[in-house]
Amino acid sequence: MINTINPITAADFKEEMTYEQQGHNDAAPALIGQYAHLGISEPVVRFGEDILASLQGRFRQIDETAEYNQLKVTLAMQKCRVSEACLLGTTGYGYNDLGRDTLEQVYAALFHTEDALVRPQITCGTHALALALMSNLRPGDELLSPVGKPYDTLEEVIGIRPSRGSLREYGISYSQVDLLPDGSFDYEGIRNAIKEKTRLVTIQRSKGYQTRPTLSVARIGELIRFIKNIRPDILCMVDNCYGEFVETIEPTDVGADMVVGSLIKNPGGGLAPIGGYIAGKKECVENAACRLTSPGLGKEVGASLGVLSSFYQGLFLAPTVTASALKGAIFAANIYEKIGFSVVPDGRESRHDIIQAVTFGSPEGVIAFCQGIQAAASVDSFVTPEPWDMPGYDSQVIMAAGAFVSGSSIELSADGPIKPPYAVYFQGGLTFPHAKLGILKTLQSLLDCGLVTADFHKA
Ligand SMILES: *Cc1c(COP(=O)(O)O)cnc(C)c1O
């Protein structure tokens, strides 16, 4: 219908005027005043503004990816006929849970897979990965990682570090082929590592707590093609943590049999209070369901309680939330690169996950950074994080997170193992303004500690 009540006027084009024409000026005193209330000095704000001015083109590309993915999510929800009733939950056994079953169809539609398991009973990303591995491997099988050491917590799942209930205790062996020094795949090594008993290949998309580059979906596709060429029956699983919605395609679009991830990272959009997912081949998902619940019960049980509306709405928000986190990561990379610290990925390279590593080379740098992130939080901003011995990690770790969902790392957060090279891993930010605040706060913290000079150089 044509709107005749409110004809378009010049005022509607106001956004095409420049910032200055709209009555703002470069100094933006109100903004500087507001940052001052949060303990951030004017030079830090101005330094940030200069960096930001150089990033507008990249931010536009990120917005385009978010737009594409928003359409993808909406289309999947429409195709699966998500209804108001889906937002309700079940109790008890959870038989015929319409919302749970529909959400699993939505994930399958989104990842272009046959099936999916998306459950609050999957407690975290490690659990989702352990579930996918333990349910799809049998005694005598071998697991292969062709991309080097997996995420720290998986060492105990696999039994690289001896652990109760590990794959190793069940007679499942493990082999690993590291990336070559230049970050490329060691194809010869991988070919040699594939044996008769190799059943499943695990490919970690994100760098995790390492400084190797994150894998693009295209590179994951090349690796999968190589492996399937040698043995088409080998299952290819991708640890998709932190990678969802960063690109317009996902690993299942390039041949992965399974993708696995956490709902308190990207796909939960900051709203999911718990949960994990496995999307993939029907048989893989069915195996996982029978392990999560029980043989014979599979996907039929598992009450969703009251979490489904947050799963749906979180997924709906996930593309733009991921975009905000990506912008934060790029902003951080460019800030710290300019100051002289080594950053992975660097300020210009293309992004395949939301994690930004900054190497400070000293425990003090890692601690000052994390304390800055904490001080920028909306929740628990008044506490001071300290390094501690965390279960699942082999060194002390400092974690900064003032999150609405405890431990959620799609929210503004940072963590760093207290071991060389003393790198901090920064991620998240439900909105870009908040990610920006956090990064400026870290810079202020390093400045206050004397680790960065007043003219913004590495001390
Ligand atoms: C976060 C993460 C995990 C583990 O997830 P948790 O939810 O912390 O258990 C596994 N792999 C990668 C690459 C991750 O980033």
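Details of the structure are given in the entry above.
Procedures and definitions
Residues numbered from 1 in each chain as written. Predicted model: local features only at pLDDT ≥ 70, side-chain atom pairs only at ≥ 80, totals over all residues. Heavy atoms only, no water. Near = heavy atom within 4 Å. Polar contact = N/O pair within 3.5 Å; in protein donor to acceptor, adjacent residues only side chain to side chain. Areas by Shrake-Rupley, 256 points an atom, 1.4 Å probe, with all protein chains shown as cover. 1 Å grid on protein atoms, 1.4 Å probe; cavity = no way out; pocket = protein on both sides within 12 Å on 5 of 7 lines; lining within 4 Å. Sits in = over half its atoms within 2 Å of the grid points. Helix = DSSP H or I, 4+ residues; strand = E, 2+ residues; numbered from the N terminus. Nonpolar A, V, L, I, M, F, W, Y, C, P; charged D, E, K, R; others polar. Buried < 20%, exposed > 50% of the residue type's maximum accessible area, 1.4 Å probe, protein only. Pairing = 2+ DSSP bridges. Axes fitted to C-alpha atoms, helices over the stretch in contact; angles between N-to-C directions. Contact = heavy atoms within 4.5 Å. Core = buried A, V, L, I, M, F, W, Y, C linked by side-chain atoms within 4.5 Å. Salt bridge = Lys/Arg side-chain N within 4 Å of Asp/Glu carboxyl O.

S.K.: How should the site of the ligand be read in this particular structure?
M.R.: Taken together, Cys124, Gly125, Thr126, Leu129, Tyr151, Gln204, Asp239, Cys241, Tyr242, Ser262 and Lys265 form the complete shell of residues around the ligand. Measuring from a nitrogen atom of the ligand, one finds a side-chain N or O atom of Asp239 at 2.6 Å. Residue Lys265 places a side-chain N or O atom 3.0 Å away from an oxygen atom belonging to the ligand. Taken by itself the ligand offers 380 Å² of open surface, and the protein chains cover 90% of this. When each cavity is represented as a set of grid points, the ligand is found to reside in the largest pocket. The leading source of residues in the shell around the ligand is helix H5 (residues 125-136), at three residues. In the shell around the ligand, the residues fall into five nonpolar, four polar and two charged.

S.K.: Before we go on, may I ask you to explain the pairing of strand S9 (residues 356-359) in this structure?
M.R.: One face of the sheet, then the other: side chains in a regular strand alternate in exactly this way. Burial of the side chains of S9 extends over both faces: Gln356 and Val358 are buried on one face and Ala357 and Thr359 on the other. Across three bridges, strand S8 (residues 342-344) lies against S9 in antiparallel orientation. For Val343, the partnering residue across the bridge sits in S9 and is Val358. Relative to strand S13 (residues 423-427), S9 runs antiparallel, the two being bridged by four bridges. Each bridged residue has a counterpart across the sheet, and for Val358 the counterpart in S13 is Val424.

S.K.: Would you mind showing me how to read the sheet that holds strand S2 (residues 142-145) here?
M.R.: The strands that make up a sheet are held in pairs by hydrogen bonds between backbone atoms, and each pair lies either parallel or antiparallel. Strand order in this open sheet of seven strands is S1-S7-S6-S5-S4-S2-S3, and the pairing throughout is mixed. Strand pairing shows two members of the sheet lacking a second neighbour, strand S1 (115-119) and strand S3 (173-176), which therefore form its edges. The mean angle between the axes of side-by-side strands here comes to 20°, regardless of whether they run parallel or antiparallel. Sheet topology note: the S1/strand S7 (residues 276-280) ladder contains five bridges and is antiparallel. Residue pairing for S7: Arg119 is matched across the bridge by Gly276. The strands touched by helix H8 (residues 217-230) are strand S4 (198-204) and strand S5 (235-239); relative to S5, the strand with the most contacts, the crossing angle is about 160°.

S.K.: Help me understand the nonpolar core in this model?
M.R.: Considering soluble globular proteins, one finds that nonpolar side chains tend to be buried as a cluster. Of all hydrophobic cores here, the largest spans 59 residues; its most connected members are Phe331, Ile335, Tyr336, Ile339, Phe369 and Leu443. Excluding anything up to four places from it in sequence, Phe369 contacts Tyr336, Phe360, Ala414, Val424, Phe426, Thr442 and Leu446. Judged by nonpolar contacts, the second largest core, of 46 residues, contains Met77, Cys80, Ala116 and Ile224.

S.K.: I keep staring at the pattern of salt bridges and nothing clicks. Help me out?
M.R.: Charged atoms that come close allow side chains of opposite charge to pair. Using the criterion set out here, one finds 21 salt bridges in the structure. A salt bridge links Glu156 to Arg161, with the shortest nitrogen-to-oxygen separation between them at 3.8 Å. A salt bridge links Asp353 to Lys207; the nearest nitrogen and oxygen atoms lie 3.5 Å apart. With Asp353 in the loop between S8 and S9 and Lys207 in the loop between S4 and H8, this residue pair connects regions lying 146 residues apart in the sequence. According to the relative accessible area criterion, Lys207 is buried, its value standing at 0%.

S.K.: Help me out: how do you make sense of unusual backbone geometry in this one?
M.R.: Glycine aside, a negative phi is what most residues show, and trans is what most peptide bonds show. The residue after Val344, namely Pro345, is reached through a cis peptide bond having omega -5°. You will see that Asn96, though not glycine, has its phi angle at about 50°, which is positive. You can see Asn96 is positioned in the loop between helix H3 (56-79) and helix H4 (98-111). Notably, Asp380 is not glycine yet its phi reads approximately 60°, a positive angle. Relative to the elements of secondary structure, Asp380 occurs in the loop between helix H11 (363-375) and strand S10 (388-389). Take Asp380: its relative accessible area is 36%, and that puts it in the partly exposed class.

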